Amino acid sequence: MAMASTLTVLPSSRSSSPAESQRSSFSSRQNLSVRLSRATAGGSSIQLINTRRQQQQRFLSPPDPANSDRSVTARFQLQAPLISPHDQWGNWTVLFATGAFGIWSEKNTNIGGALSGALVSTLIGLAASNLGVISSNAPAFSIVLEFLLPLAVPLLLYRADMRRVIKSTGALLLAFLLGSVATTVGTVVAYLLVPMQALGPDSWKIAAALMGRHIGGAVNYVAIADALGVSPSILAAGLAADNVICAVYFSTLFALASRVPAEAPISDTGIGNDVESDNGKKLPLVQTATALAVSLAICKSGYYLTKYFRIQGGILPAVTAIVVILATVFPKQFAYLAPSGEAMAMILMQVFFTVVGASGNIWSVINTAPSIFLFAFVQIAVHLAMILGLGKLLGFNLKLLLIASNANVGGPTTACGMATAKEWHSMIVPGILAGIFGIAIATFLGIGFGVAVLKAM
């Protein structure tokens, strides 16, 4: 059946007074209406009625007060990010470019080295979204949070052979556990002194996330925050505040370490040398592809288990448990995949930190960061005082306590870096293993302690 349509433009029958001719064309030109009516017999007609006034308008005449709010609304609607949230290529370019810059700045600039690549990427992402370069809720962000972040966790933990950790770390593992207890006590003391009331229901959640951060590392902070449902702005504020505290903390550790002499050079065939030699080579294609495929399979298994057993809090805890079990049962096979996995995980984590910043509101960060800053300061201060004080009473030497504390707060990378810089060769491999052990357990400790203790305080 043919569909007939007519378009009729009719002038308004309303007459205009001389006073009305003085009104601005900016508001009068919007006075259009469209009337849509269906014709009988399957036809359709569209009548476009233009009620624009007949008189000529003066260009500089004052706007109509009744319609001035409409023009203001239109101007705000025109404000949009430079890169549309639906521009997938543009958003992914920004995310990976910012992540790459964060890695580069940490390795090649003094400011980046002091702040860390993670914080550099977070701050650039925060500035980009709040200055209108990218959107704060692009669809690409949800892909990073739902898929790329869980993919990075197994890639980071391919060396998490718990048998080797317990066997190789010796006294350092005991000192590390002492530091974990010190972090837990510091969390309780800090939450009592600085309850972070400005954060509302996120206060105990961010406290639990920072507890996991100072037992394992940044990946635990992210996993706990994701499992407990911390808002993006609070997540970014906590990361920014904690990185500042950690910069001061590491400076303090190196000042204390200045009293401990370097060790005599020894040959070491542990994983510290393996990491350096493997990372210095071009990543093998088969090794890289296998590491990625295994990580995807682990994520699929974690997703299935959380759905089957109806486990709340996302798949990150389940993924962590699976990869630790597999790395312990098949240590050689997973150690072979570790260099490639860690390189890819570093890139994915930098992209994630960019998303953390881009999802945050800069005014929320400014308003909430001071309380988180004070909380983290008290938490770290209690941790350091306890591990040094009780460690000395228990007979641990200062070198062991400093590496254990570094592995707690910074993770395996910073512990290895400090041991290498101070030429404490016997501490390199144990420091890495202790840090990996912290990453393996911190997510579960943070979530459990947060729900059972902090939420009730």
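Preceding this paragraph is the structure being described.
Here is what the cut-offs are and how they apply
- Residues numbered from 1 in each chain as written.
- Predicted model: local features only at pLDDT ≥ 70, side-chain atom pairs only at ≥ 80, totals over all residues.
- Heavy atoms only, no water.
- 1 Å grid on protein atoms, 1.4 Å probe; cavity = no way out; pocket = protein on both sides within 12 Å on 5 of 7 lines; lining within 4 Å.
- Points joined across faces, edges and corners; volume = space filled by probe spheres on them.
- Helix = DSSP H or I, 4+ residues; strand = E, 2+ residues; numbered from the N terminus.
- Nonpolar A, V, L, I, M, F, W, Y, C, P; charged D, E, K, R; others polar.
- Expected span 1.5 Å × (residues − 1).
- Bend = angle between axes of the 7 residues up to and from the residue.
- Buried < 20%, exposed > 50% of the residue type's maximum accessible area, 1.4 Å probe, protein only.
- Core = buried A, V, L, I, M, F, W, Y, C linked by side-chain atoms within 4.5 Å.
- Contact = heavy atoms within 4.5 Å.
- Polar contact = N/O pair within 3.5 Å; in protein donor to acceptor, adjacent residues only side chain to side chain.

> What is the right way to read empty space enclosed by the protein from this model?
Which parts of space are left empty comes out when a probe the size of a water molecule is rolled across the atoms. Scanning the model with the defined rule gives 1 cavity of 30 Å³ or more in all. The space that makes up the largest cavity amounts to roughly 60 Å³. As for the largest cavity, its lining consists of Val153, Leu156, Leu157, Val219, Asn220, Ala223, Thr320, Ile439 and Thr443. In terms of residue count, helix α10 (residues 218-228) provides more of the lining of the largest cavity than any other element does, 3 residues in total. Residues of the lining of the largest cavity, tallied by class, amount to 6 nonpolar, 3 polar and no charged.

> It is not clear to me how helix α19 (residues 428-452) should be interpreted in this structure. Could you clarify?
Within an α-helix, residues lying three or four positions from one another point in the same direction, as the helix has 3.6 residues per turn. Its 25 residues give α19 an end-to-end C-alpha distance of 35 Å, which sits within 8% of 36 Å, the value for a rise of 1.5 Å per residue. Its axis deflected by about 40° at Ile441, α19 carries its strongest bend there. With 19 of its 25 residues buried, α19 lies for the most part within the structure.

> What should I look at first to understand the nonpolar core in this one?
One finds Met196 and Phe352 to be the most contacted residues of the largest nonpolar core, which totals 125 residues. Here this core gets 13 residues from one element, more than from any other, and that element is helix α15 (residues 331-358). In this structure, Phe352 is in contact with Val144, Leu145, Leu149, Val222 and Leu235, ignoring residues within four places of it in sequence.

> Honestly, helix α17 (residues 398-409) in this entry has me stumped. Any pointers?
Across its 12 residues, α17 extends 17 Å between first and last C-alpha, which sits within 8% of the 16 Å expected from 1.5 Å per residue. Of all the 12 residues making up α17, 11 are buried; the element is thus mostly covered by neighbouring parts of the structure. Listed as buried for α17 are Lys399, Leu400, Leu401, Leu402, Ile403, Ala404, Ser405, Asn406, Ala407, Asn408 and Val409. The N-cap of α17, judged by a side-chain oxygen 3.2 Å from the amide nitrogen of Lys399 a few residues on, is Asn397.

> Mind showing me how you'd approach the layout of surface pockets here?
Each pocket or cavity is described by its volume, and for the second largest pocket that value is around 430 Å³. Lining the second largest pocket we find 18 residues, and of these Glu146, Phe147, Pro150, Tyr303 and Ile315 sit closest to its centre. Of all the secondary-structure elements, those providing two or more residues to the lining of the second largest pocket are α6 (139-156) and α13 (285-308). Residues belonging to the lining of the second largest pocket are distributed by class as follows: 11 nonpolar, 2 polar and 5 charged.

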